[in-house]
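Fold and contact review
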Amino acid sequence: MSIAIKAENISKAYQLGEFTTGTLSRDIERWWANIRGKEDPYLKIGEANDRTVKGNSDIVWSLNDISFEIKQGDAVGIIGRNGAGKSTLLKVLSRVTSPTKGSIKVKGRIASLLEVGTGFHPELTGRENIFLNGAILGMRKHEIQRKFDEIVDFAGVERYLDTPVKRYSSGMYVRLAFAVAAHLECEILIVDEVLAVGDAEFQRKCLGKMGDVSKGEGRTVLFVSHNMGAVSQLCKDVIVLQNGGKIYQGNTNDGIVLYNKMGINENVIYEYDVKFKKKHFIKKAILKQFGHITNAVENGTSIEFELDIECASDLTVSFEFILKDKDYKEIIFSPLGLAFSKDHSILKGASRIQLSFAIPYLATGRYYVDLIMAQAGVQTYDHAYNALYFDILNNYNDKTGWVFTQAMGQGAILVEGDSQIL
Amino acid sequence: MNDSYNISEWDLEIKPHDSLLNLHLNDVWNYRDLLGLLVRRDFVSFYKQTIFGPIWFFIQPIFTTLIFTIIFNKLANISTGDVPAPLFYLSGTIAWNYFADCLNKTSTVFRDNANIFGKVYFPRLIMPLSIVVSNLVKFGVQFLLFFLLMFYYNVIEGIRVMPNIFILLFPVIIILMALLGLGVGLIITALTTKYRDLTFLVTFGVQLLMYATPVIYPLAAAPKKYQLIISCNPLSGLIETFRYGFTNKGEFFSSAFIFSVVTSIVLFLFGLVVFNRVEKDFVDTV
């Protein structure tokens, strides 16, 4: 199979702070170089985009010397933590901005979906917006005409075709927008987390459509997401980015393992401090999700803890879990012994325990975890305060696309409800 | 599989910089349907939820003409030569507005569309072009008004205002005005991605420029020593010729016209090059 995209040594520099070099003469020099198509004489190369370290120049390389090849018909995921350069790479690939260095060669038409509904005009009707949006995304009028019924059918908005989109519900709006994009005629489709919109049913439909696009129609798909479930479902291969550089390209499962490991730093492994001088204690604890160590937790599913404990004698123990929000305020308590009679007889010495907890739908942001080893209702052996922490990154309310974050001060847990007029 | 690829095998190459004169005009051509749809959008959204709808296109020039006639002709006694004052002002106003709207709207095109430009690629030039075409349509509609007024003076008032051979230059004048507005607008929008203050300069600069253009007075009526200065404004030659062609009153300033032609084309080409240079990564600075 032939190569659809070939990227060679692409780098992208961003200037921090002010956009001028500070003096007019340098500005003019830079401008003159720019006009002649030369590179900027005031860019320094080779600094990695590590936000935790304060660099000594104002320039940040959000992409640093990235090369890759993507075969025709492959679905490739691009994953990485926030700030790894995913969005910049997408922007460069979709020609929204140009690379500072390097080149990308492409075979076939590229359509990119960095956002659904770009260019939708609220005053225009659904029908008019289908044409306008399609044309913005690079389709010819007759191509849209040909796909028109399919688009309307996929979006399920037939009744509202001649209504201005400003009167659409947000769900309908998003469905229509995605439908246009999903029916683009192109050989290469670039998609940025747009699947995180719409209700669950529609998300499944979108994911299915994307699968069809790559598997059934033999088109190349580049998919950027934080949702590892969607990535592994859709992509055979992944590219993992870290601090602007490519650290891995290959098999999806291995890539996801690597991605999960990247989240780890020293705080994510809890270790007992000998100065507490306890008889029985939790020696080490790690947080896992879907079998991988992580501190970026997928929302609304379950998390596991793996505990190494040390006991000075044979004991009956149970475990408790307290979840705290970003301000260290307790929000969830799960005493496995008191509430669910999960008591274990433990022999003297070292043991390994696995705990798992179903977590409700949480607001995005940071959470801290207390782990407690106790004899249910009698005594506490060890209470590890703020032993571990994790971040909830993805959070979209199902129907509206509204994002629930802790920073809003409306609590941290989302519960389902209903309302009706009596 | 063969490792070496022919350049021609690739449909697209994304690079930091292109040569200065590679303007991607074939790309613009491929997106011609978008141009049409954008123009359509401008019109449909213009009169949706308004009472008078498209009538607004007429209200503005009618009132401007009315005010100009009262202020400049009746109060300030500025002669309009042999042309009836309303006809004179109307022709000046619609032509001037056409140019000014092209310039004003193109000069903020990067800022107005930063949102779309930041999310999807299409040849950026499509946006300013759609602005010019939208204004051209508006000009065409307003031009009907001018015809009605000509008809009124010829048939009802009995004042003979007839076109002469220079009317043939009309399409050329329309294109040149568009090129001029577009060219200057493109240069300004390219600069405003970095230096915002230019926008303020444009808004009142265009207002003032009107007084240095024979919109409210005929060039021939200006004192000789100012005529040269006014002719340095490339619009002067265009508006004078436009009026002369339709009314056969006044005179044809050939040197002013030739000067206008050359400046318009040069400014347009320069604007195109500058715009093309900036469009590739303006998203990072705007």
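Residues numbered from 1 in each chain as written. Chains lettered and ligands numbered in written order. Predicted model: local features only at pLDDT ≥ 70, side-chain atom pairs only at ≥ 80, totals over all residues.

**Focus on the overall build of chain B**
Filter applied, for reference: Each helix corresponds to a stretch of at least 4 residues labelled H or I by DSSP, and each strand to a stretch of at least 2 residues labelled E; elements are numbered beginning at the N terminus. Exposure classification rests on a simple neighbour count of other C-beta atoms within 10 Å of a residue's own: a residue reaching 20 or more is buried, one at 12 or fewer is exposed, and one in between is partly exposed. C-beta atoms are placed from the backbone. Whether two residues are in contact is decided by their C-beta atoms, placed from the backbone, lying within 7 Å.
Tallying secondary structure elements over chain B gives twelve helices and one strand in all. Starting at the N terminus, the α and β elements of chain B follow one another as β-α-α-α-α-α-α-α-α-α-α-α-α. Residue burial in chain B is summarised as follows: out of 286 residues, 40% are buried. In chain B, 78% of the contacts between residues at least 6 apart in sequence involve partners at least 24 apart.

**Description of the domain arrangement of chain A**
Stated precisely, the cut-off is as follows: Source of the domain bounds: an automatic or database domain assignment.
In terms of domain boundaries, chain A breaks down into domain 1 (3-7 + 65-261) and domain 2 (266-413). Look at where the C-alpha atoms of domain 1 of chain A and domain 2 of chain A centre, and you get two points 37 Å apart.

**Notes on the sheet that holds strand β6 (residues 188-192) of chain A**
Residue and element names in this part refer to chain A. Quick reminder of the rule: For two strands to count as paired, DSSP must find a minimum of two bridges between them. What counts as an axis is a line fitted to C-alpha atoms, over the stretch in contact for a helix, and the angles between N-to-C directions run from 0 to 180 degrees.
Strand order in the open sheet formed by six strands is β5-β6-β7-β3-β8-β9, with mixed pairing between adjacent strands. Edge positions in the open sheet fall to β5 (110-113) and β9 (245-251), since each of these has one partner strand only. The mean inter-strand angle of the sheet, taken between neighbouring strand axes irrespective of direction, is 15 degrees. Two strands pair when backbone bridges link them, and strand β3 (residues 75-79) and strand β7 (residues 220-224) are joined in this way by four bridges, in the parallel orientation. Residue pairing in the sheet places Gly77 in a bridge with Phe223 of β7. Of the strands in this sheet, β3, β5, β6, β7 and β8 (237-242) are in contact with helix α2 (residues 86-93), which crosses β6 at around 145 degrees.

**Thoughts on the pairing of strand β11 (residues 281-289) of chain A**
Residues and elements named next belong to chain A. In terms of strand pairing, strand β10 (residues 269-271) meets β11 through three bridges, oriented antiparallel. In the strand pairing of β11, Tyr270 is matched with Ala285. The pairing of β11 with strand β14 (residues 302-311) spans seven bridges and is classified as antiparallel. By the bridge assignment for β14, Ile282 is matched with Ile309. One ladder, built from two bridges, connects β11 with strand β12 (residues 292-293); its direction is antiparallel. Looking at the pairing, Gln289 lines up with His292 of β12. Taken together, β11 and the strand that follows it, β12, pair antiparallel across an intervening segment of two residues, in which Phe290 is found at a positive phi of about 50 degrees.

**A word on the sheet that holds strand β1 (residues 12-14) of chain B**
The sheet built from four strands is open, its strands ordered β2(A)-β1(A)-β4(A)-β1(B) with antiparallel pairing. Edge positions in the sheet fall to β2 (59-71) of chain A together with β1 of chain B, since each has one partner strand and no second. Here the average twist between neighbouring strands, direction ignored, is 15 degrees. Bridging between strand β1 (residues 3-15) of chain A and strand β4 (residues 101-106) of chain A involves five bridges; their strand directions are antiparallel. Each residue of the ladder has a partner; that of Ser11 of chain A, found in β4 of chain A, is Lys101 of chain A. Here α2 of chain A sits on the sheet and contacts β1, β2 and β4 of chain A together with β1 of chain B; the angle it forms with β2 of chain A, its principal contact strand, is near 65 degrees.

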